[in-house]
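# Chains, contacts and geometry: an overview
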2 protein chains.
Amino acid sequence: MPRKTDARARAIATAVRLFRIQGYTATGLTQIIDESGAPKGSFYFHFPRGKAQLAEEAIDHYVASRISLLREISANTAGHALKFVHQIFAAFAAEMVASDFQYGCLMQNLANELPALDAELTKRVARGFIDSTEIVAEHFRECGFASARASSTAAALVAAVEGARTIARLERTPAIFQALADVSVRGWAAPKG
Amino acid sequence: MPRKTDARARAIATAVRLFRIQGYTATGLTQIIDESGAPKGSFYFHFPRGKAQLAEEAIDHYVASRISLLREISANTAGHALKFVHQIFAAFAAEMVASDFQYGCLMQNLANELPALDAELTKRVARGFIDSTEIVAEHFRECGFASARASSTAAALVAAVEGARTIARLERTPAIFQALADVSVRGWAAPKG
DNA sequence: CACATTCTATGGCGATCACCATATTATGGC
DNA sequence: GCCATAATATGGTGATCGCCATAGAATGTG
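Residues numbered from 1 in each chain as written. Chains lettered and ligands numbered in written order. Predicted model: local features only at pLDDT ≥ 70, side-chain atom pairs only at ≥ 80, totals over all residues. Heavy atoms only, no water.

## Comments concerning the relation of the copies chain A and chain B
Of the transformation placing chain A onto chain B, the axial shift is 0.0 Å and the rotation is 180 degrees, giving an RMSD of 0.0 Å. Considering both components of the superposition, the chain copies are consistent with a two-fold axis. In this assembly the copies share their binding face: 100% of the residues contributing to the interface of chain A also contribute to that of chain B. (Least-squares fit on C-alpha atoms with pLDDT ≥ 70 in both. Contact = heavy atoms within 4.5 Å.)

In structure tokens form, the structure reads like this:
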């Protein structure tokens, strides 16, 4: 009994896209169904629990791709902490430029909208951050960082990236990523340049 | 012809609160009017341009209080870059703890929801970030930072704070602010602890 | 009191929301 | 061809959305 259509996958991909651009609440099922190109009638066949289930799968899909990106960068910069950091900034900056700054971070959007709406989905987003932060921390440990320091550095990096995506989207330039890269080489408030 | 009631001010304050908790789209005018305690009928008397105008004033109100907070911290740490940074982290962390992590940043929420909805309001949010970043940059300049470095450090700091608020809200602990404080004293990827 | 202004109340506009019951068609394995 | 399942189509549920027209009540100054 294999899947016979890709309607399901397309609905998830469209949900990811629209949630990133417009947010969760602002995106109606009608629009997702329309833009996913097909069947209005079968939505609740594929997603019996409705919008919440669609969001679950959208989160999982997004988190998986985010983690695989981080893993790839980590592999490309094995043993080099600074290179790793810079390549992360560069990758996220490049993604925003490529989309003309239309796309926000799905996890960040949901992190802001879901706490008042759905505790279960909120936990799933939180888990996504924990998991992707762990990838980063692992890289730092492999660079020789002590465990505690690797964890806090990873958390700080992930937070900085999220903030940068917010700012970059507003300013429509990747300048903030460059600013973070600069700061990362000399510390935040080092006495002299 | 003085103002006779505070219905207007209460509507704005309620809008700020709900936009921070639930976001812009998820917050209906009905709820704002109800929770602001009063008059349903006079909403379009006070805000002829409707929800967009209310959002404008909510943004202005929030930005003003944010800037005044930053000014206060700047005055309290004149000449000390690191103290300034740490006190900013501490202040935002404390605010989140005090609200039991229910409140997000109004500007961040709107930054994620408005680009697809209202270009004018989006510009206003962007302006709010520019203005509050400038306060931070000014402090760094007064610490002797070169102009360009002061600007990029300020931008990085603002971005990091925003990201930290997202993470802290999900994790329901201010740990991320501590992580950022730790990183700020030693640089992001310094070779050894 | 007169009277303009400020504010509040009511009811409904069309549109959209998430959701679902029902019926029909396409597609497997046998 | 048979038949269960997978998938699509249609139409409508009640609720809520932002918005607004109209009318009435409260409040200030002359």
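Having seen the model, we can carry on.
## As for unusual backbone geometry
Residues and elements named next belong to chain A. The phi angle at Asp 100 is positive, at roughly 55 degrees, despite the residue not being glycine. With respect to the helices and strands, the residue Asp 100 is situated in the loop between helix H5 (81–98) and helix H6 (106–113). Judged by its relative accessible area of 39%, Asp 100 falls in the partly exposed class. One non-glycine residue with positive phi stands out, namely Arg 172, at about 60 degrees. Within the element layout of this structure, Arg 172 appears in the loop between helix H8 (147–171) and helix H9 (175–186). The exposure class assigned to Arg 172 is partly exposed, which follows from its relative accessible area of 44%. (Helix = DSSP H or I, 4+ residues; strand = E, 2+ residues; numbered from the N terminus. Buried < 20%, exposed > 50% of the residue type's maximum accessible area, 1.4 Å probe, protein only.)

## What about the interface of chain A and chain B?
At the junction of the two partners, chain A supplies 49 residues and chain B supplies 49 residues. Here chain A and chain B share zero salt bridges between them. Inspection of the chain A/chain B interface yields seven residue pairs in polar contact (both at pLDDT 80 or more). Elements with a minimum of two residues in the side of chain A that touches chain B: helix H1 (7–22), H5, H6, helix H7 (119–142), H8 and H9 of chain A. Looking at the side of chain A that touches chain B, the element that brings in the most residues is H8 of chain A, giving 16 residues. (Salt bridge = Lys/Arg side-chain N within 4 Å of Asp/Glu carboxyl O. Polar contact = N/O pair within 3.5 Å; in protein donor to acceptor, adjacent residues only side chain to side chain.)

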